[in-house]
Amino acid sequence: MEAFVLGCGGMMPLPYRHCTSMLLRRDGDLFLFDGGEGTQVSLRRLNLKWKKINAIFVSHTHADHVTGLPGILMLSSQVDRTEPLYIYGPPKIKEYIETSRRVLDMYINYPIEVHEIEAPCVVYGGDGFYVRAFPLEHTKTCVGYTLEELDRPGEFNPEEAERLKVPRGPLWGKLQRGESVQNVDGVTITAEQVVGKPRQGRKFSYVTDTLYLPSIAKEVKGSDLLICEGMFADDCADQARAKKHMTARQAGIIARDADVKRMAMIHYSPRYTDRDLELLLTQAREEFPKAELTKDRRRYEIPYVE
């Protein structure tokens, strides 16, 4: 699993910073989280197969999170796409997509299914994983998302199976499915004897545009990678509260309380140059020493924990 930062800026695009957008790649599936202005540019520069995006998860319908979506919808009609594109988001996302299609007179030659959601809820699922939305608090309805994998079966030990005189073939398959079998001597062999303990799945979390809420840490608990808004420094805490955003320090507090493995901040205020972002990083690291800064087109690998 890999996460790509397509844009890390908030409010407005800058020459060196596109608006907020993330792409997650898992076993060939592509999932887009928000689609701010400049999303297509980063997709092109990273050579990511945007036409293969399975689903789009929108946090809320402020312009800096959705203005990149119409272009993606139109571009997808330039290829032979037959699979549906699923779009999920809070109220108004359906109206936004439908109005954009009508006003821009889009030529769309593939199915688009838009689902307005009411968090908390599971919004999407696939083989061995699901995506869950949870409520945030912003100036309009906003949600965060987690993509969480189910635990994987334990690793099968063929050498031990042979030592226990279980012949290769269908009996090995039964053991891997958790069933007991009889070996060539008629002795019952259980799955636990040849299959290791279940291996933990991975978890990706995406949180942006919200007041600090203690409940967020519970939702993103144990994430392998948390992408979290860190829009302001401490001296702008009152402004952050008034506009229902978070400071870098609060992002660090969430990461600390959620015991995440990695946390990288996103959705910076345009007041901060790239050099200024070191201040945000310092303040976040006072709460969570492993805090990181996202940057446009940065890639994060999310490996299995063995």
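Just above, that's the structure.
Since we're looking at a predicted model, the values are computed, not measured.

So, how was this worked out
- Residues numbered from 1 in each chain as written.
- Predicted model: local features only at pLDDT ≥ 70, side-chain atom pairs only at ≥ 80, totals over all residues.
- Heavy atoms only, no water.
- Pairing = 2+ DSSP bridges.
- Helix = DSSP H or I, 4+ residues; strand = E, 2+ residues; numbered from the N terminus.
- Axes fitted to C-alpha atoms, helices over the stretch in contact; angles between N-to-C directions.
- Contact = heavy atoms within 4.5 Å.
- Buried < 20%, exposed > 50% of the residue type's maximum accessible area, 1.4 Å probe, protein only.
- Polar contact = N/O pair within 3.5 Å; in protein donor to acceptor, adjacent residues only side chain to side chain.
- Phe/Tyr/Trp six-rings, centres within 6.5 Å; stacked < 30°, edge-to-face > 60°.
- Arc of directions from axis to C-beta.
- Core = buried A, V, L, I, M, F, W, Y, C linked by side-chain atoms within 4.5 Å.
- Salt bridge = Lys/Arg side-chain N within 4 Å of Asp/Glu carboxyl O.

(A) Looking closely at the sheet that holds strand β3 (residues 29–33). Spatially, seven strands are ordered β6-β5-β4-β3-β2-β1-β16 in an open sheet, and the strand pairing comes out mixed. Sheet topology places β6 (112–116) and β16 (299–301) at the edges, where each strand pairs with a single neighbour. This sheet shows a mean twist of 20° between the axes of neighbouring strands, independent of strand direction. With five bridges connecting them, strand β2 (residues 21–26) and β3 associate as antiparallel partners. By the bridge assignment for β3, Leu 23 is matched with Leu 32. Of the strands in this sheet, β5 (85–89) and β6 touch helix α4 (residues 93–103), which is tilted by about 150° from β6.

(B) Main features of helix α9 (residues 248–258). Within α9, eight of the 11 residues are buried, which leaves the element mostly enclosed by the surrounding structure. For α9, the set of buried residues is Ala 248, Arg 249, Ala 251, Gly 252, Ile 253, Ile 254, Ala 255 and Ala 258. On its buried face, α9 sits against α7 (214–219), β13 (225–229), β14 (263–266) and α10 (277–285). Where α9 terminates, the next one or two residues include Asp 259, which has phi positive at roughly 55°.

(C) Seen up close, the side chain of Ser 21. With respect to the helices, strands and loops of the structure, Ser 21 is situated in strand β2. Its relative accessible area of 0% is what places Ser 21 among the buried residues. Here the side chain of Ser 21 touches Asp 34 through a polar contact of 3.0 Å, landing on its backbone oxygen. Apart from residues lying up to four places away in sequence, Ser 21 is in contact with Phe 4, Val 5, Leu 6, Gly 7, Leu 32, Phe 33, Asp 34, Gly 35, Gly 36 and Thr 39.

(D) Layout of the pairing of strand β4 (residues 53–57). Within β4, five of the five residues are buried, leaving the element largely enclosed by the surrounding structure. In terms of strand pairing, β3 meets β4 through four bridges, oriented parallel. Each bridged residue has a counterpart across the sheet, and for Leu 30 the counterpart in β4 is Ile 53. Sheet topology note: the β4/β5 ladder contains three bridges and is parallel. Bridge pairing in β5 links Phe 57 to Tyr 88.

(E) Spatial organisation of the packing of aromatic side chains. Summed over all chains, the structure comprises 14 aromatic pairs. Ring geometry for Tyr 88 and Tyr 124: centres 5.9 Å apart, planes at 75°, overall edge-to-face. Here Tyr 88, found in strand β5, pairs with Tyr 124, found in strand β7 (residues 121–126); they are 36 residues apart in sequence, far enough to count as distant. Exposure class is identical for Tyr 88 and Tyr 124. Each is buried. An angle of 40° between the planes, with centres 6.2 Å apart, marks the rings of Tyr 124 and Phe 129 as tilted. One exposure class covers both Tyr 124 and Phe 129, and it is buried. Through a chain of ring-to-ring contacts, the aromatic side chains of Phe 31, Phe 33, Phe 57, Tyr 86, Tyr 88, Tyr 124, Phe 129, Tyr 145, Phe 204 and Tyr 206 assemble into a single cluster.

(F) Summary view of α4. Burial in α4 covers these residues: Ile 93, Ile 97 and Ser 100. Buried residues along α4 cover an arc of 65° about the axis, so they all sit on one side. Of the residues in α4, the exposed ones pointing more than 90 degrees away from the buried face are Arg 102 and Val 103. Residues of α4 that are buried sit in contact with α3 (69–75), β5 and β6.

(G) How the structure looks around the sheet that holds β14. Taken in spatial order, the seven strands make up an open sheet running β7-β8-β9-β12-β13-β14-β15, and their pairing is mixed. Two strands lie at the open edges of the sheet, namely β7 and β15 (291–293), each paired on one side alone. Adjacent strand axes in the sheet meet at a mean angle of 20° when their direction is disregarded. Alignment of β13 against β14, held across four bridges, turns out to be parallel. Note that in β14 the partner of Cys 228 across the bridge is Met 265.

(H) Just the nonpolar core, in detail. Counting 61 residues, the largest nonpolar core has Phe 57, Tyr 145, Phe 204, Met 263 and Met 265 as the members making the most contacts within it. The dominant element in this core, judged by the number of residues it contributes, is α9, at five residues. With near-sequence residues (within four places) excluded, Phe 57 lies in contact with Phe 31, Leu 32, Phe 33, Asp 34, Tyr 88, Val 123, Tyr 124, Val 131 and Tyr 145. Leu 23, Leu 43, Ile 93 and Ile 108 belong to the second-largest nonpolar core, a separate cluster that totals 24 residues.

(I) Expanded view of the pattern of salt bridges. Here the structure, examined in full by the defined rule, presents 23 salt bridges. Arg 25 serves as the salt-bridge partner of Glu 2, at 2.8 Å between the closest nitrogen and oxygen. With Glu 2 in strand β1 (residues 2–7) and Arg 25 in strand β2, this pair connects stretches of sequence that are 23 residues apart. When its relative accessible area of 16% is taken as the criterion, Glu 2 is described as buried. As a salt-bridge pair, Lys 165 and Asp 185 come within 3.1 Å of each other at their nearest N and O atoms. Separated by 20 residues along the polypeptide, Lys 165 in the loop between α5 (158–163) and α6 (170–176) and Asp 185 in the loop between β10 (181–182) and β11 (188–189) bring together distant segments of the chain. Within the structure, one salt-bridge network assembled from shared partners comprises Asp 234, Arg 249, Arg 256, Asp 257, Glu 286 and Glu 287.

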